[in-house]
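Observations on the model geometry
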Amino acid sequence: MAVFTPVALDDVAQWITQFPLGKALELKGISSGIENSNFFLTTEHGEYVLTIFENLSFEQLPFYLNLMRHLAERGVLVPAPVANDKGELIVALHGKPASIVSKLEGRSQMDPQPVHCAAVGAMLAKMHLAGQDYALQQPNLRGLAWWHATTPEVLPFIPDQQAHLLRAEVHFQDAFAACDIYKQLQTGPVHADLFRNNVMFDGERLTGFFDFYFAGCDTWLFDVAVTVNDWCIDLDTGVLDTARVRALLDAYHAVRPFTAAEHTAWQPMLRAGALRFWLSRLYDFYRPREAEMLTPHDPGHFERILRERIATPAPGLF
Ligand SMILES: Nc1ncnc2c1ncn2[C@@H]1O[C@H](COP(=O)(O)OP(=O)(O)OP(=O)(O)O)[C@@H](O)[C@H]1O
Ligand SMILES: N[C@@H](CCO)C(=O)O
C-alpha cells in the first residue's frame with residue numbers, strides 16, 4: 001500500500017553506483033507509512049532505507065536531510081543520510097527526489113513504559129542542544145500561521161460544539177504566542193511529530209528518531225508537548241500518566257534544564273500540541289487529498305486530549 005512508486009532491484013543497480021555503498025543486493029518495499037515510498041535496501045556495505053518522496057520537492061528537502069546529517073554527526077540517534085559522489089543527499093530516481101539513509105535497528109514501542117519515556121526525553125533534549133548551530137532555517141509549517149489558514153477550511157464541516165472549541169482555542173493560542181513569556185522560550189529545529197511510531201527501540205534501548213518531514217524551527221517546548229501528548233497518555237482517554245510524564249520530563253531536564261518561562265508556558269503548550277494534531281486530523285478527515293486511499297487518523301482522539309488539557313492541570317516541568 002505504501003509503495004506509490006514501484007522500484008525493482010534492476011532499476012537501482014546502475015543508480016546506486018553514484019553512492020559509496022557497493023552493489024545493491026536486495027530491495028524490499030515497506031508497507032507502513034502514508035507519505036512516501038520506502039524500501040529496505042541491502043548493499044555490500046550494509047542495510048539502508050531508500051525513500052522516494054511523493055509530495056516534498058527538491059527545494060523543500062535539503063532542510064530535513066541536512067538536519068538529519070547535522071544531528072547524526074553530533075551523536076543524536078537519527079538515520080544518517082548517505083551522500084553521492086557529488087556530495088548530494090537528494091538524487092532523482094524515476095523523476096522524483098530520493099534519498100538513502102542508514103537503517104535503524106529495532107522497532108516501534110507502541111506500549112511505552114517509564115523507562116522508554118525517559119530514553120525519549122533524554123534524546124529529545126540532546127537533539128535540541130545539537131540543533132542549536134544548525135544553519136538552515138524553516139518555520140514549523142504546521143504552526144500558528146497554518147492553524148489560521150486551516151481553521152476556516154474545516155469549520156463548515158464540524159458541529160457547533162467543536163467549532164466553538166476550535167475558534168476559542170485558536171484565539172487562546174494567538175494570545176499565548178503574543179505574550180512575554182512565550183517570547184522568552186528557547187527555539188531551534190524541532191521534530192514536531194515525535195510519536196511512538198517515529199522512534200525505534202531495541203528492547204529498552206532507544207535506537208533512533210526518524211520521519212523528520214514535519215521538522216521546522218519552533219519552540220523546544222512545543223516539541224516536548226507534542227511528545228508528551230503521545231508517549232505519556234492513556235490512549236483511550238487522553239489522560240496523562242504521571243509516572244511516564246515524570247520519567248520523560250525528568251530525563252529531558254537532566255540533559256537540558258527547563259527554564260522558569262517554560263514552566264509557566266507548559267499547560268498552554270500542551271494545548272497547542274493537541275490543537276496542532278486535532279486540526280491536521282480534521283483537515284485530513286474532511287478535505288482528503290484526491291489520491292488518498294488510506295483511512296485518516298481519528299480527529300476525536302486529539303479533541304479529547306485538548307479538552308482534557310484545558311480541564312486538568314498537568315504535572316509541572318520540574
Ligand atoms: N531509517 C529507518 N530505519 C529503519 N526503519 C525505517 C527507517 N525509516 C523508515 N523506516 C520504516 O519505514 C516505515 C515508514 O516510514 P515513515 O514513517 O517515515 O513513512 P512515511 O510514509 O514517510 O511517513 P508517515 O509516518 O507520515 O506515514 C516506518 O514505520 C519504519 O518501519
Ligand atoms: N503523527 C500524526 C501523523 C503524521 O505523521 C498524527 O498522528 O496525526
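Predicted model, so just to flag it, every value in this text is computed and none were measured.

A separate point is the pattern of salt bridges. Here the structure, examined in full by the defined rule, presents 13 salt bridges. The salt bridge involving K96 is made with E54; its shortest N-O contact spans 2.9 Å. On the criterion of sequence distance, the pair formed by K96 in strand 5 (residues 96-102) and E54 in the loop between strand 3 (46-52) and helix 2 (61-73) is long-range, its members being 42 residues apart. Here K96 falls in the partly exposed class, since its relative accessible area comes to 27%. Given a relative accessible area of 22%, E54 falls into the partly exposed group. A salt bridge links D241 to R244; its shortest N-O distance comes to 3.0 Å. Bridged by salt links that share partners, the residues E73, R74 and D133 form one connected network.

Domain parsing of the chain yields domain 1 (9-102) and domain 2 (114-311). Of note, the centres of domain 1 and domain 2, computed from C-alpha atoms alone, are 27 Å apart. Contact residues are listed per partner, giving 23 residues for domain 1 and 25 residues for domain 2. A combined buried area of about 2,000 Å² lies between domain 1 and domain 2, and 69% of that area is made up of carbon and sulfur atoms. Contact with domain 2 buries area across many residues of domain 1, yet F63, Y64 and L77 alone supply 33% of it, more than any other trio. Joining domain 1 to domain 2, the criterion identifies one salt bridge. Taking the shortest distance from any N to any O, the salt bridge between D133 and R74 comes out at 3.6 Å. At the junction of domain 1 with domain 2, the criterion picks out seven residue pairs in polar contact (both at pLDDT 80 or more). Residues that form the side of domain 1 that touches domain 2 fall into these classes: 15 nonpolar, six polar and two charged.

Scoring rules and cut-offs
Residues numbered from 1 in each chain as written. Chains lettered and ligands numbered in written order. Predicted model: local features only at pLDDT ≥ 70, side-chain atom pairs only at ≥ 80, totals over all residues. Heavy atoms only, no water. Salt bridge = Lys/Arg side-chain N within 4 Å of Asp/Glu carboxyl O. Helix = DSSP H or I, 4+ residues; strand = E, 2+ residues; numbered from the N terminus. Buried < 20%, exposed > 50% of the residue type's maximum accessible area, 1.4 Å probe, protein only. Domains from an automatic or database assignment. Contact = heavy atoms within 4.5 Å. Buried area = accessible area lost by both parts, 1.4 Å probe. Polar contact = N/O pair within 3.5 Å; in protein donor to acceptor, adjacent residues only side chain to side chain. Nonpolar A, V, L, I, M, F, W, Y, C, P; charged D, E, K, R; others polar.

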